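Residues per chain, in single letters:
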Amino acid sequence: MLSNPVSRFLLVSRLEGVSFLALLLLGSVLSRVSDIDLVMPLGIIHAVLFIAYVLLMLDMRTKFAWDGKTTGLAFLASVLPFGPFVFEAKMKDRIFIEPSPAAA
């Protein structure tokens, strides 16, 4: 499953999106309404996944010849709630296909 760059990017993208939502919803809300403070552990997990996402995004840019607009949208998706899921759904057919040798 993780043998190709698309699978790795999609897995980390989904995990990063879930970790961001968990940080916002669980971490922030629970720390305000109870004594449970999950901000630090969830924040660390999200930070590691965010860094992995950015590195894999740059790898995808190189291997699939993403233009600046696509790369910018991918980065913007990583900082918006639900962004990675929307990016994947909207761009799946256009950006995860190997470019032809003539295009490279």
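Residues numbered from 1 in each chain as written. Predicted model: local features only at pLDDT ≥ 70, side-chain atom pairs only at ≥ 80, totals over all residues. Heavy atoms only, no water.

Visitor: Can you help me understand the packing of helix 3 (residues 68-78) against helix 4 (residues 83-95) in this one?
Guide: For any two helices packed against each other, the geometry is given by the interaxial angle and the distance between the axes. Helix 4 packs onto helix 3 with a crossing angle of 155 degrees between their chain directions and a minimal axis gap of 8 Å. Between helix 3 and helix 4, the angle falls in the class roughly antiparallel. Once helix 3 is placed against helix 4, the crossing between them reads as left-handed. Within the contact between the two elements, helix 3 uses Thr70, Leu73, Ala74 and Ala77 and helix 4 uses Gly83, Pro84, Phe87, Met91 and Ile95. Tallied by class, the residues present in the contact of helix 3 with helix 4 amount to 7 nonpolar, 2 polar and no charged. (Axes fitted to C-alpha atoms, helices over the stretch in contact; angles between N-to-C directions. Helix = DSSP H or I, 4+ residues; strand = E, 2+ residues; numbered from the N terminus. Parallel < 35°, antiparallel > 145°, perpendicular 65-115°, else oblique. Left-handed = near helix turned anticlockwise from the far one by under 90°. Contact = heavy atoms within 4.5 Å. Nonpolar A, V, L, I, M, F, W, Y, C, P; charged D, E, K, R; others polar.)

Visitor: Would you mind going over the packing of aromatic side chains with me for this structure?
Guide: Any pair of aromatic rings gets described here by the distance separating the centres and the angle formed by the planes. For the structure shown, the criterion picks out 4 aromatic pairs. Their ring planes at 70 degrees and their centres at 6.1 Å tell us that Trp66 and Phe87 sit as a pair that is edge-to-face. Residue Trp66 is located in the loop between helix 2 (39-64) and helix 3, and its partner Phe87 is located in helix 4; the two are separated by 21 residues in the primary sequence. Exposure remark for Phe87: the relative accessible area of 5% places this residue in the buried category. By the ring-pair criterion, three or more aromatic residues cluster together here, those being Phe9, Tyr53, Trp66 and Phe87. (Phe/Tyr/Trp six-rings, centres within 6.5 Å; stacked < 30°, edge-to-face > 60°. Buried < 20%, exposed > 50% of the residue type's maximum accessible area, 1.4 Å probe, protein only.)

Visitor: Looking at this structure, how should I read the environment of Val48?
Guide: You can see Val48 is positioned in helix 2. Since its relative accessible area comes to 53%, Val48 is described here as exposed. Along the chain, Val48 and Glu16 lie 32 residues apart, while their C-alpha atoms are 8.7 Å from each other.

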